[in-house]
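What the coordinates show
Listed below, chain by chain, are the residues.
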Amino acid sequence: MNKPFHQLPQWHDVIRQFTPNWFTVCMGTGILSIVLAEFSLVHPIFWQLGAGLWVFNGLLFILFSSLYGLRWLLYPQEAKQIFAHPSMSLFLGTIPMVLATLINGALKYGVVLYGAAIIGVAEWLWYLDVLMAVMVAFVVPFCMFSCQRHQLQQMTAVWLLPIVACEVAAASGAVLLQHLPVSPHAVGILFGSYILWGISVFPAMLILGILFLRLALHQLPSQELAMTGWLAVGPIGTGALALLLLGQQATRLLHATHFTGLGEFLHQAGVLSSLLLLGFGVWWLGIAIMITLKHAGSHLIFNLGWWGMTFPLGVFSLATLQLAQQLQLYWLLNIGYGLAILLMLLWGVVMSKTMAGFYAGRLFFSPCLNLYLQQK
């Protein structure tokens, strides 16, 4: 549905063509709002910018959730075709990941802005986020196995999206624990977060192995899928960040129990494991940059897939900064800040192109709807 740039798309067209890959906009915006808080020591304005971006992202999430909910309400037969589509169904994992960034933002900014009462709200939202993440982690792969057609040559890092949501929830659980007192309930959240980490990270590593094979056998992805390579950095960065944050909380929470030794082990193991994971992530980040530069020589047409650069880079930046703070390595801290600055630049470019595409209406396209109409 290409329209003149000056003509806004009709809302019924927007609703009918709305797909969950739009939530990647919220993912990139949400992670940037959290990263900005890391610069608050440089200047307080970064905290204010982060808080404003968190509020804006919340409104954006409400808008996108409303549009997608209306699609299910007004066009249910068309909307449910997503489960049979081999690529669009994968983006269902973006919804719980966006919610996790909003929860983290609420704990980082909302407590200061609105008081401690928001901690209880964030905790209940975290339970909802966990439920959504686990459902997506099982339902979407089962649909891939049972009612979708996939080929190795067409495989991309987008396969990671329904899997990664659980480890994002695990990292969010660690952020929540920072605001909860020592109690059996908090210990339960701690161990539950480690289980979520396991549900996500190990399948993600299997997918990365398959992705390596696909790249070796079938060469680089097509130009329109060039940015998907950045998604490989996501589960690595999130996995490292979750281990670092959970390890800190394990020491505090398990010190008051007879699992004191386990708490120290989880903290130290988290630091060592994150070091190894970040090294692995550097390799994938380098490959993603080279793939992007390879395609940059030709005319790259913007699509929502460009948002795939932002969230993975954001969590990788946070993991790098967190590791640098725990080890007190200032050179690593500078690298983390450099990655964060790159994230800001990329977010600015991608958001400006998204706003132009939104206004023109050329970004509203539902491939599962087209497939459904062809079959009728």
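Residues numbered from 1 in each chain as written. Predicted model: local features only at pLDDT ≥ 70, side-chain atom pairs only at ≥ 80, totals over all residues. Heavy atoms only, no water.

The name an unreviewed UniProt entry assigns to the chain is TDT family transporter, from the organism Acinetobacter tibetensis. Recorded in UniProt for the chain, the comment headed Sequence similarities (unreviewed entry) runs: "Belongs to the tellurite-resistance/dicarboxylate transporter (TDT) family." In its Subcellular location (unreviewed entry) section, UniProt records this for the chain: "Cell membrane". (UniProt positions renumbered as here; feature names shortened; annotations may be inferred.)

Focus on the overall build of the chain
A count of helical and extended segments in the chain gives 13 helices and zero strands. Secondary structure elements of the chain, listed N to C terminal, follow the sequence α-α-α-α-α-α-α-α-α-α-α-α-α. A globule of 376 residues ought to have a C-alpha radius of gyration of about 21 Å, and the chain, at 20 Å, matches this closely. Its C-alpha atoms put the chain at 65 × 45 × 45 Å along the principal axes. When burial is assessed residue by residue, the chain has 55% of its 376 residues classed as buried. (Helix = DSSP H or I, 4+ residues; strand = E, 2+ residues; numbered from the N terminus. Rg over C-alpha atoms; globule rule 2.2 N^0.38 Å. Buried < 20%, exposed > 50% of the residue type's maximum accessible area, 1.4 Å probe, protein only.)

Describing a nonpolar patch on the surface
A cluster of nonpolar side chains, contributed by Trp72, Phe83, Val121, Leu125, Leu128, Leu131, Met135, Phe138 and Val139, occupies part of the molecular surface with about 800 Å² of accessible area. Per-element tally for the nonpolar patch: the top contributor is helix H6 (residues 117-146), with seven residues. On the secondary structure map, leucine 125 appears in helix H6. (Patch = residues over 30% accessible without salt bridge, like charges linked within 9 Å, V, L, I, M, F, W, Y side chains within 5 Å. Areas by Shrake-Rupley, 256 points an atom, 1.4 Å probe, with all protein chains shown as cover. Salt bridge = Lys/Arg side-chain N within 4 Å of Asp/Glu carboxyl O.)

Focus: the environment of glutamine 17
Note on placement: glutamine 17 falls in helix H1 (residues 11-17). A relative accessible area of 15% means that glutamine 17 is categorised as buried. For the pair glutamine 17 and methionine 351, spaced 334 residues apart in sequence, the C-alpha to C-alpha distance is 20 Å.

A closer look at the packing of helix H8 (residues 184-218) against helix H10 (residues 260-296)
At their nearest, the axes of H8 and H10 sit 14 Å apart, and the two run at 20 degrees to each other. Looking at the two axes, H8 sits roughly parallel to H10. Note on packing geometry: the crossing formed by H8 with H10 is left-handed. Each of Phe191, Tyr194, Trp197, Met205, Leu208, Leu211, Phe212 and Leu215 in H8 lies in contact with H10, whose residues at this interface are Leu262, Leu266, Leu277, Phe280, Trp283 and Trp284. (Axes fitted to C-alpha atoms, helices over the stretch in contact; angles between N-to-C directions. Parallel < 35°, antiparallel > 145°, perpendicular 65-115°, else oblique. Left-handed = near helix turned anticlockwise from the far one by under 90°. Contact = heavy atoms within 4.5 Å.)

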